[in-house]
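Topology and contacts: notes
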Amino acid sequence: MAGKVILVGCGNMGFDMLKGWLASGAVQPADVLVIEPNETLRNRAGEQGVRTSAAPDGIAGESADLVIIAVKPQVLRDVLPAYKPLAPKAAFLSIAAGIAISTFSEILGSDTPVIRCMPNTPAAIGKGMMGIYANELVSADILAFVNTLLSASGEVVVLDDEGQIDAVTAVSGSGPAYVFHFIECLEAAAVKAGLSEKAARLLAMQTVYGAANLAKESGEEPGRLREQVTSPNGTTAAALAVLMGENRLGNLVDEAVDAARRRSIELGK
Ligand SMILES: NC(=O)c1ccc[n+]([C@@H]2O[C@H](COP(=O)([O-])OP(=O)(O)OC[C@H]3O[C@@H](n4cnc5c(N)ncnc54)[C@H](OP(=O)(O)O)[C@@H]3O)[C@@H](O)[C@H]2O)c1
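Residues numbered from 1 in each chain as written. Predicted model: local features only at pLDDT ≥ 70, side-chain atom pairs only at ≥ 80, totals over all residues. Heavy atoms only, no water.

Per an unreviewed UniProt entry, the chain carries the name Pyrroline-5-carboxylate reductase and comes from Nitratireductor aestuarii. For the record of the chain, the UniProt heading Subcellular location (unreviewed entry) holds the text "Cytoplasm". Of the comments in the UniProt record for the chain, the one headed Pathway (unreviewed entry) reads "Amino-acid biosynthesis; L-proline biosynthesis; L-proline from L-glutamate 5-semialdehyde: step 1/1." (UniProt positions renumbered as here; feature names shortened; annotations may be inferred.)

Printed below as a string of structure tokens:
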């Protein structure tokens, strides 16, 4: 099916996803209505050829198959009631961190089909990672449409337990920020080691880009790829003794992912 979509909130993540959907043809611009109060962001969306509005005035007159909620978790409970007239005919897809399906059912009615999705920003270039969980009211048609839509932005993993969304948020939802910070750190270390800022930026970025692509495309275990870089008693071994000694980096990543997962749970309270 090719459905009609209302996108509520077109900030960082909403816009990144919208671009992917339109670029792939998964949805036509004329079938998308974006509700976004911020004029600059609304105009940015409008430039993609979709209909836009600052507020959900007259929303009851819209026919939508899917309402996508992409506002901040902190405002979601205030934003959602305006869309109740569209439920349960339309299914609701939320990308908000932490907000449980039960919150949607309370506000929109217990007969509302709801899908939670945790995307990440590489969706903007079709290389996103999306985890989804749907309640039992979501029809096979809508699930297929959602799958087509999200696949336009990258890989999709279907979860069998809603609680797993908190883990997906902590790993791939927030994950790009961890990688960007690693690039920042590698770049700073490269400058300290005597390289120009321009060279440092290129070296750090291309190294992460190349390594991530090799890991994905070679089909080799990441550990095996690491070993292939590591000559006995060489330079990599010296660096890895710092990163892996007493599982330093492993413990740090563990701690960071756990902090994100706990925050995701907190946001839902
Ligand atoms: N950014 C990410 O990497 C990422 C990844 C996965 C999931 N998420 C989830 O995606 C959601 C959005 O995050 P974001 O980073 O994209 O935030 P964002 O850039 O602040 O986007 C949210 C947008 O919603 C707008 N908004 C506020 N009230 C609204 C209303 N009543 N109706 C329609 N739009 C309204 C905001 O406008 P104002 O700024 O004017 O308030 C803003 O432009 C969050 O729930 C977050 O958990 C984000």
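Considerations on the overall build of the chain
The secondary structure content of the chain amounts to eleven helices and eight strands. Across its three principal directions, the C-alpha atoms of the chain cover 70 × 35 × 30 Å. Every one of the 269 residues in the chain was classed for burial, and the buried ones make up 38%. Partitioning the contacts of the chain with sequence separation of at least 6, the portion at a separation of at least 24 is 62%. Of the roughly 14500 Å² that the chain leaves accessible, carbon and sulfur atoms contribute 56%. Charged side chains of the chain number 22 positive and 30 negative; the gap between the two group centres comes to 4 Å. (Helix = DSSP H or I, 4+ residues; strand = E, 2+ residues; numbered from the N terminus. Buried < 20%, exposed > 50% of the residue type's maximum accessible area, 1.4 Å probe, protein only. Contact = heavy atoms within 4.5 Å. Areas by Shrake-Rupley, 256 points an atom, 1.4 Å probe, with all protein chains shown as cover. Lys, Arg positive; Asp, Glu negative; His and termini not counted. Charge placed at Lys NZ, Arg CZ, Asp CG, Glu CD.)

Digging into the UniProt feature "domain: Pyrroline-5-carboxylate reductase dimerisation" (unreviewed entry) in the chain
Mapped onto this numbering, the UniProt entry gives "domain: Pyrroline-5-carboxylate reductase dimerisation" (unreviewed entry) at residues 162-267. As annotated, residues 162-267 comprises 83% helix and 0% strand, and the C-alpha atoms at either end are separated by 15 Å.

Re the UniProt feature "binding site: NADP(+)" (unreviewed entry) in the chain
According to UniProt, the positions carrying the feature "binding site: NADP(+)" (unreviewed entry) are A70, V71, K72 and P73. With respect to the secondary-structure elements, V71 resides in the loop between β4 (66-69) and α3 (73-79). A relative accessible area of 16% means that V71 is categorised as buried. Those residues in contact with V71 that lie beyond four places of it in its chain are V8, G9, L76, V79 and A96. A relative accessible area of 13% means that P73 is categorised as buried. Other than its neighbours up to four places away in sequence, P73 contacts A96, A97, I99 and L267.

Considerations on the sheet that holds strand β7 (residues 128-134)
With mixed pairing, eight strands are arranged side by side in an open sheet as β3-β2-β1-β4-β5-β6-β7-β8. Across the chains shown, the open sheet's two edge strands, defined by having one partner strand only, are β3 (51-53) and β8 (154-158). Here the average twist between neighbouring strands, direction ignored, is 20°. As defined by bridge partners, strand β1 (residues 5-8) adjoins strand β2 (residues 32-35) across four bridges and the pair is classed as parallel. Among the inter-strand pairings, V5 is bridged to a residue of β2, identified as V32. Strands in contact with helix α6 (residues 164-173) are β6 (114-118) and β7; relative to β6, the strand with the most contacts, it is inclined by about 30°. (Pairing = 2+ DSSP bridges. Axes fitted to C-alpha atoms, helices over the stretch in contact; angles between N-to-C directions.)

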